[in-house]
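One letter stands for each residue in the lines below.
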Amino acid sequence: MMAVATSEHDAELMLRVREGDAQSFALLLAKHRGPVIHFLYRMIQNRAVAEELAQEVFLRVYRSRAGYEPTAKFTTWLFRIASHVALNYIRDGKHERNQESLDGESAEGIARQVASRAPTVEQEMVREVQLAEVRRTVELLPAKQRAAVLMHKYQEMDYAQIAAALECSESAVKSLLFRAYETLRAKLAHMAGRG
Amino acid sequence: MKNTKGSACPMERGEEEILLRYCAGTLAAEGAGPLDEHVESCPRCRPWVREQRAVWQALESWKVEPVTAEFDAALLARIAREEEARPLWRRWWDRAKGAWGAALDWRVAVPAGAMALLLVVGLTMENPFRQEAGETMVKLEAREIEQAERALEDLEMLRQLEPPEEEQKL
């Protein structure tokens with residue numbers, strides 16, 4: 001109920017943006033910039049690039065305000081644009097050139113340091129190693145599977161919304177998520193009960 | 001072939017997405033309750049759920065730093081630059097389109113404009129057919145008057161040729 005009210009509110013704000021209300025655009029930006037940047041960051045794994053791409057997403061939202069019609073949920077429309085931007089970026093091969101190193105250190109490098117540090121530092125190091133592993137595993141997923149998992153896990157979008165955002169059928173989303181989680185289980189399940 | 005449709009096991013029914021929703025905590029309580037018992041006792045579902053929960057937990061540990069403070073300012077500056085670079089007519093058009101909605105969509109606006117133009121031209125131009133018809137009417141009316149005058153003259157002549165009434169009686 002709450003989600004419906006929120007999405008209606010978003011659509012209303014966007015209709016006001018269409019009429020030239022800059023304040024409504026600022027409200028939409030304040031509400032959605034975090035989820036969009038986080039999604040792009042997890043897709044690309046480079047902070048500066050994620051913010052640059054997020055600017056492109058909101059610019060596209062602003063540019064298409066005149067033709068906006070509230071036919072779909074605002075967040076679905078927004079994430080369709082964000083997915084397009086991210087997938088195009090990855091397809092163009094800019095991804096490999098710009099990817100951040102995992103805070104400048106490899107997981108193996110961090111693990112080697114663990115033995116020589118105090119317990120609290122050790123815990124922190126283990127956490128860092130695990131996080132690096134999660135990031136690397138997600139990064140190795142095919143781009144569309146990655147986008148589907150990120151929208152499913154972090155944006156809590158259902159199959160229909162993910163399908164609309166990725167412009168594919170719901171059964172295709174089921175298949176994408178099934179394969180993605182299968183890979184993630186194979187590589188990350190050993191973390192159960194750790195940390 | 002084994003009939004799996006009536007099975008209580010989502011794995012056997014090929015419905016892993018139910019287990020996925022169960023692990024994500026998005027399954028309704030009435031569905032999650034019976035599944036709790038099943039998962040505990042099922043040798044296929046139990047390890048699957050354990051592994052999926054581990055994935056879920058691992059993904060949850062991936063936190064992202066907050067957005068930089070400059071983000072909004074940089075975006076709004078880009079929008080302002082873009083707005084200034086756009087021609088005035090385009091800015092006016094988008095504003096009008098925003099206010100009038102779909103009515104100003106080019107697919108609607110162009111045919112509507114063409115129709116309006118045709119209507120205006122049609123109303124302001126003189127209709128040649130109409131003028132000709134008018135002229136024909138005037139000609140016809142003149143001929144009718146002429147014919148009537150001639151008929152009256154003929155009648156008068158006939159009256160003059162007729163003998164007076166007294167002679168007729170004799």
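A few points on the structure. Here the structure is a predicted model, which is why all the values come from computation and not from measurement.

Next up on the list: unusual backbone geometry. Working note: non-glycine residues mostly have negative phi, and peptide bonds are mostly trans. Residues and elements named next belong to chain A. Positive phi values are uncommon outside glycine, yet Gln45 reaches one of about 60°. Relative to the helices and strands, Gln45 is located in the loop between helix 2 (22–44) and helix 3 (47–63). If you check the backbone angles, Glu167 has positive phi at about 55° while not being a glycine. Secondary-structure assignment places Glu167 in the loop between helix 9 (159–166) and helix 10 (170–188).

Oppositely charged side chains may form a pair once their charged atoms are brought near each other. Applying the stated criterion across every chain, the model contains 18 salt bridges over all chains. With a shortest N-O distance of 2.6 Å, Asp72 of chain B and Arg33 of chain A are connected by a salt bridge. Of this pair, Asp72 of chain B sits in helix 4 (residues 70–85) while Arg33 of chain A sits in helix 2, which puts the two residues in different chains. A salt bridge links Asp92 of chain A to Arg91 of chain A; its shortest N-O distance comes to 3.3 Å.

Let's shift gears to helix 9 of chain A. Residues and elements named next belong to chain A. By the criterion of burial, helix 9 is predominantly enclosed, with six of the eight residues buried. All of the buried residues along helix 9 are Tyr159, Gln161, Ile162, Ala163, Ala165 and Leu166. Looking at where helix 9 begins, the residue whose side-chain oxygen comes 3.2 Å from the main-chain nitrogen of Ala160 is Asp158. Positive phi shows up at Glu167, right after helix 9, with a value of about 55°.

Okay, the environment of Ala142 of chain B next. Residues and elements named next belong to chain B. Its place among the elements puts Ala142 in helix 7 (residues 128–161). Judged by its relative accessible area of 44%, Ala142 falls in the partly exposed class. Remark: the alpha-carbon pair of Ala142 and Trp48, spanning 94 residues in sequence, is separated by 105 Å.

Moving on: the interface of chain A and chain B. Contact residues are listed per partner, giving 44 residues for chain A and 37 residues for chain B. Interface area, chain A with chain B, both sides summed: about 3900 Å², of which 64% is carbon and sulfur. A per-residue breakdown of the area chain A buries against chain B is headed by Gln55, Lys153 and Arg185 of chain A, which together make up 17% of the total. If you look at where chain A meets chain B, you find seven salt bridges.

Cut-offs applied
- In this convention, every chain numbers its residues from 1, walking through the sequence in written order.
- Lettering of chains starts at A and numbering of ligands starts at 1, both following the order in which they are written.
- The model is predicted, so local features are restricted to residues of pLDDT at least 70 and side-chain atom pairs to those at 80 or more, both for listing and for counting; the totals for chains, interfaces and linings are taken over all residues.
- Side-chain numbers come from the whole structure's heavy atoms, not from hydrogens or water.
- For the purposes of this entry, the term helix denotes a DSSP run of H or I that reaches at least four residues, the term strand denotes a run of E that reaches at least two, and both are numbered from the N terminus.
- Every case where a carboxyl oxygen of Asp or Glu lies within 4 Å of a side-chain nitrogen of Lys or Arg is listed as a salt bridge.
- Each residue gets one of three labels from its accessible area relative to the maximum for its type: buried under 20%, exposed over 50%, partly exposed in between, using a 1.4 Å probe on protein chains only.
- Polar contacts, as counted here, are pairs of nitrogen or oxygen atoms within 3.5 Å of one another; within protein the pair requires one atom able to donate a hydrogen and one able to accept it, and residues that are adjacent in sequence qualify only if both atoms are side-chain atoms.
- By definition in these notes, contact holds between two residues if any of their heavy atoms fall within 4.5 Å.
- Once two parts are put together, the accessible area they lose, assessed with a 1.4 Å probe and summed over both, is termed the buried area.

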